[in-house]
Structure formats: structure tokens, C-alpha cells
Amino acid sequence: MSEAPKLQPAGPAALDAFARIVGEEHAIRDEAGMAPYLTEWRDRYQGKAALVLKPASTDEVAKILQLANEKRVAIVPQGGNTGLVGAQIPDESGSQIVLSMQRMTHVRDVDLASNTMTVDAGLTLATAQQVAESAGRLFPLSLASEGSCQIGGVLATNAGGVAVLTYGNARDLALGLEVVLADGRVWHGLKRLRKDNTGYDLRDLFIGSEGTLGIITGIVGIAGAGLTAFYMFRLFFRAFYGTDPEGGYHPEPHPTRWIMAFPVLTLAALAFSAGWIQIWNSSVASSSRLYSECSMPRPADITWTSPASVRPSLPR
Ligand SMILES: Cc1cc2nc3c(=O)[nH]c(=O)nc-3n(C[C@H](O)[C@H](O)[C@H](O)COP(=O)(O)OP(=O)(O)OC[C@H]3O[C@@H](n4cnc5c(N)ncnc54)[C@H](O)[C@@H]3O)c2cc1C
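Residues numbered from 1 in each chain as written. Predicted model: local features only at pLDDT ≥ 70, side-chain atom pairs only at ≥ 80, totals over all residues.

### Things to note about the overall build of the protein
1) Next: When you go through the protein residue by residue, the secondary structure sums to 9 helices and 9 strands.
2) Next: By residue count, 34% of the 316 residues in the protein fall in the buried class.
3) Next: Contacts spanning at least 24 positions in sequence make up 66% of the contacts within the protein whose residues lie at least 6 apart. (Helix = DSSP H or I, 4+ residues; strand = E, 2+ residues; numbered from the N terminus. Buried ≥ 20, exposed ≤ 12 C-beta atoms within 10 Å, placed from the backbone. Contact = placed C-beta atoms within 7 Å.)

As C-alpha cells, this is what we get:
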């Protein structure tokens with residue numbers, strides 16, 4: 001098998017060609033402009049880059065990756081730059097190009113019949129939640145970084161968050177993906193099917209791959225009809241405290257809000273109990289059932305086929 005040509009820095013002509021794909025105003029070359037993309041909020045990881053590109057469409061991402069593949073230039077995808085392990089930051093060589101997804105923020109479709117929403121990967125998680133909520137639905141993934149992290153980033157990292165026990169990781173909330181592969185081809189996997197047993201599950205391969213297999217550009221997320229504890233408590237807080245223009249909560253509730261809050265609080269309490277029953281059923285009870293139903297062999301019952309010399313000494 002022949003070895004793939006090594007990655008190399010892009011020359012000035014190649015950098016110009018990259019910039020032309022997104023337009024000069026969306027290609028950052030100066031140090032000050034690039035600085036926010038080259039470190040993360042704790043300043044624990046810093047890097048250098050030849051260029052920061054901000055494409056606005058799947059087509060532009062595809063053209064960038066096609067050219068990068070031709071020129072053998074390394075691309076570092078970056079979402080909201082909230083990742084805690086530095087994978088969204090380029091290395092110190094100064095030869096890599098950061099591809100920021102922050103301009104890809106279109107809501108492509110909200111389908112109430114299938115309880116799904118199809119959005120660009122650069123939408124922040126908080127905006128995706130709001131899109132679902134304004135359609136009377138719930139997108140339950142929630143992390144402290146939700147105002148900045150992007151829906152593409154949470155899938156690239158398979159993030160968990162505060163509702164993970166009830167709703168699962170990001171993987172459990174995505175039905176389909178659109179991904180641009182390293183050579184610029186686009187994998188169109190924006191399916192809304194819940195039961196899809198056709199062949200290999202490429203979607204699951206891309207989720208959690210942190211940009212190593214391709215760049216996620218579009219997502220079909222599950223926006224469920226969620227009369228759940230989580231949703232009810234959010235409603236309660238909104239009804240009780242109201243929201244300010246920035247989306248934060250007013251510290252002082254108006255006295256009349258108690259009247260509105262009472263029925264919502266009652267429903268929330270009911271839903272909260274239902275939520276715990278759901279958690280119990282889905283995790284605690286099922287795992288204890290699993291332990292009791294599987295007849296796990298005791299170490300003494302295992303027949304070892306390895307040579308006696310490497311056999312671990314097990315308590316008998
Ligand atoms: C305050 C705080 C709380 C957090 N809480 C949690 C938590 O509860 N659970 C949890 O799991 N994480 C948590 N995180 C970590 C972080 O928010 C998540 O990992 C988040 O999913 C990263 O999303 P992002 O858009 O910021 O991605 P980035 O940080 O920009 O990138 C992360 C990785 O994904 C890749 N990537 C980004 N976008 C794409 C794309 N479109 N296509 C392909 N690859 C891409 C990057 O190359 C990088 O490898 C928290 C972080 C902070 C700061």
C-alpha cells in the first residue's frame with residue numbers, strides 16, 4: 001500500500017485560493033483577528049494557524065476540504081471552542097488552517113409530524129433548544145456551555161450534559177447527519193427515520209469522532225413532545241420569574257406570578273415524580289435486572305484456554 005503524501009504548509013497562492021472560497025472578509029489572516037480561535041477560554045491550550053476560514057455553507061466547506069486534500073494542508077474544525085481537551089485548537093506549527101463553523105447557523109426545517117428539526121451544525125446548542133421550544137417541542141441536551149457550544153461540536157464530541165440519564169448523550173438525540181469528508185465529498189445522511197437498520201451505521205461512526213473523519217455540517221435532531229420534569233421545571237421558572245431580553249431570569253418575581261406558578265408547580269411536581277420513575281426504569285432497574293438475569297460465570301467456573309504460565313491467579 002502506498003503511503004499518503006505528508007501534510008505541508010500552504011504557500012501564499014494556496015492561502016489566497018482558500019480565502020477566495022469564503023470571501024476575503026471571512027478569511028482571517030492577521031494575528032489579532034485569529035487570536036480568539038487559537039486558544040480556549042482557560043488559556044490551557046494555545047496554537048498558531050496560517051488562516052482562519054469561516055464558510056457559510058456545506059458547499060464552501062466541501063470546496064475547502066477538496067483544496068486542502070489536493071494541497072495536503074491540515075484543517076482543524078472548530079465549533080464553539082468550548083471543548084475542554086484542546087482538540088479544536090491548531091498545533092504550534094502555524095501551518096494548519098482553522099475552519100470555524102460559526103457562520104453556519106441556518107434552521108433548515110422543523111417537522112412537527114416526525115418531531116425533528118434539521119439545522120446547520122454551527123447553530124449554538126441554546127439556539128437549537130429555543131428553535132424546538134418555539135415549536136412546542138423539547139431538545140433536551142443541556143450543558144453549562146450551551147450558549148457557546150454548537151450542535152456540530154456536541155455531536156463531534158458526543159457530549160452528555162445535565163439531562164444525560166433521562167435522554168442519553170448527544171448521539172441519542174440525532175437521527176441523521178450531513179458530513180463533508182476529508183476529500184470534499186459530501187455524505188448525505190440527513191435521515192429522520194427512527195428505525196433504520198440499513199447496513200453500516202455511518203452516522204454513529206461520525207458522532208464522537210471529533211472531526212477526524214469529516215466535518216459535520218447538518219443535523220437532524222430529535223425535538224420531542226416533552227411533557228417531562230425537565231421541561232416542566234423550565235416552564236415553571238419562565239412562568240414564575242419571567243425572562244429578561246438577554247434570556248436570563250429576573251431575580252425578583254412579581255407577586256401575581258405565584259398564581260400562575262401554582263398550577264405549573266403542581267404539574268412540575270407530577271412530572272418530576274414521573275421523571276424519577278423513568279430514570280429508575282431506564283437505568284437503575286434495568287441494570288439490576290441485567291445483573292440478575294445474566295448468569296455471569298463466577299471466576300472459578302471459567303475454563304481458561306491460555307497457557308498455565310500466563311493464567312492470572314483468581315480467587316477460588
Ligand atoms: C462550562 C462548560 C461545561 C461543559 N459541560 C459539559 C458537559 O456537561 N458534558 C460534556 O460532554 N461536555 C461538556 N463541556 C465540554 C464542551 O462544551 C463540549 O465538549 C461541547 O460539546 C463542545 O462543543 P463546541 O461546539 O464548543 O466544540 P469545539 O470545542 O469547538 O470542538 C470540540 C471538538 O469537536 C470538533 N468539532 C467541532 N465542530 C465540529 C464539526 N462541525 N464537525 C466535526 N468536528 C467538529 C473539534 O475539532 C474538536 O475536536 C463543557 C464545557 C464547558 C466550558
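### Considerations on unusual backbone geometry
1) Next: A positive phi angle is found at D43, which is not glycine, with a value near 65°.
2) Next: With respect to the element layout, D43 can be found in the loop between α2 (31–34) and β2 (51–53).
3) Next: Phi angles above zero are rare outside glycine, and E210 is one such case at about 50°.
4) Next: With respect to the helices, strands and loops of the structure, E210 is situated in the loop between α7 (202–206) and β9 (214–222).
5) Next: Assessed through the 15 C-beta atoms surrounding it within 10 Å, E210 is described here as partly exposed.

### Remarks on the site of the ligand
1) Next: Neighbouring the ligand are 30 residues; G79, G83, G152, G153 and G211 lie closest to it.
2) Next: Mapped by element, the contributors of at least two residues to the shell around the ligand are β3 (75–78), α5 (151–156) and β9.
3) Next: Of all the elements, α5 adds the most residues to the shell around the ligand, at 4 residues.
4) Next: Its residues assigned to classes, the shell around the ligand comprises 14 nonpolar, 15 polar and 1 charged. (Near = placed C-beta within 6 Å. Nonpolar A, V, L, I, M, F, W, Y, C, P; charged D, E, K, R; others polar.)

### A closer look at the environment of T82
1) Next: Looking at where T82 falls in the secondary structure, it is placed in the loop between β3 and β4 (97–100).
2) Next: The spacing of T82 and Q150 is 68 residues in sequence and 8.9 Å in space, taken between C-alpha atoms.
3) Next: With residues up to four places along the chain from it excluded, the contact list for T82 reads S145, S148 and C149.

### Quick look at the sheet that holds strand β8 (residues 186–189)
1) Next: A sheet is described by the order of its strands in space; here 5 strands give the open sequence β5-β6-β9-β7-β8, paired in antiparallel fashion. Strands at the two margins of the open sheet, each flanked by one partner only, are β5 (107–111) and β8. This sheet shows a mean twist of 15° between the axes of neighbouring strands, independent of strand direction.
2) Next: By the bridge criterion, 5 bridges tie strand β6 (residues 116–120) to β9 in an arrangement that is antiparallel. Residue T118 lies in a different strand from β9, and its bridge partner there is V220.
3) Next: Together, β5, β6 and β9 form the strand contacts of helix α4 (residues 125–134), whose direction differs from that of β6 by roughly 145°. (Pairing = 2+ DSSP bridges. Axes fitted to C-alpha atoms, helices over the stretch in contact; angles between N-to-C directions.)

### Some thoughts on the sheet that holds β2
1) Next: Overall, mixed pairing links the 4 strands, which are arranged β1-β2-β4-β3 in an open sheet. Each edge of the open sheet carries a strand with a single partner, namely β1 (27–28) and β3.
2) Next: Alignment of β1 against β2, held across 2 bridges, turns out to be antiparallel. Following the sheet pairing, I28 is matched in β2 by V52.
3) Next: Packing of helix α1 (residues 12–22) onto the sheet brings it into contact with β1, β2 and β4, and relative to β2 it is tilted by some 20°.
4) Next: Against the sheet, helix α3 (residues 58–71) engages β2, β3 and β4, with an angle of about 155° to β3.

### What to know about α3
Because each turn of an α-helix spans 3.6 residues, side chains separated by three or four positions in sequence point in the same direction.
1) Next: Taking 1.5 Å per residue, 14 residues should reach 20 Å; α3 reaches 20 Å between its end C-alpha atoms and fits that length.
2) Next: Three or more residues of α3 are buried, namely E60, V61, A62, I64, L65 and A68.
3) Next: Directly after α3, the chain includes R72, whose backbone phi takes a positive value near 60°. (Expected span 1.5 Å × (residues − 1).)

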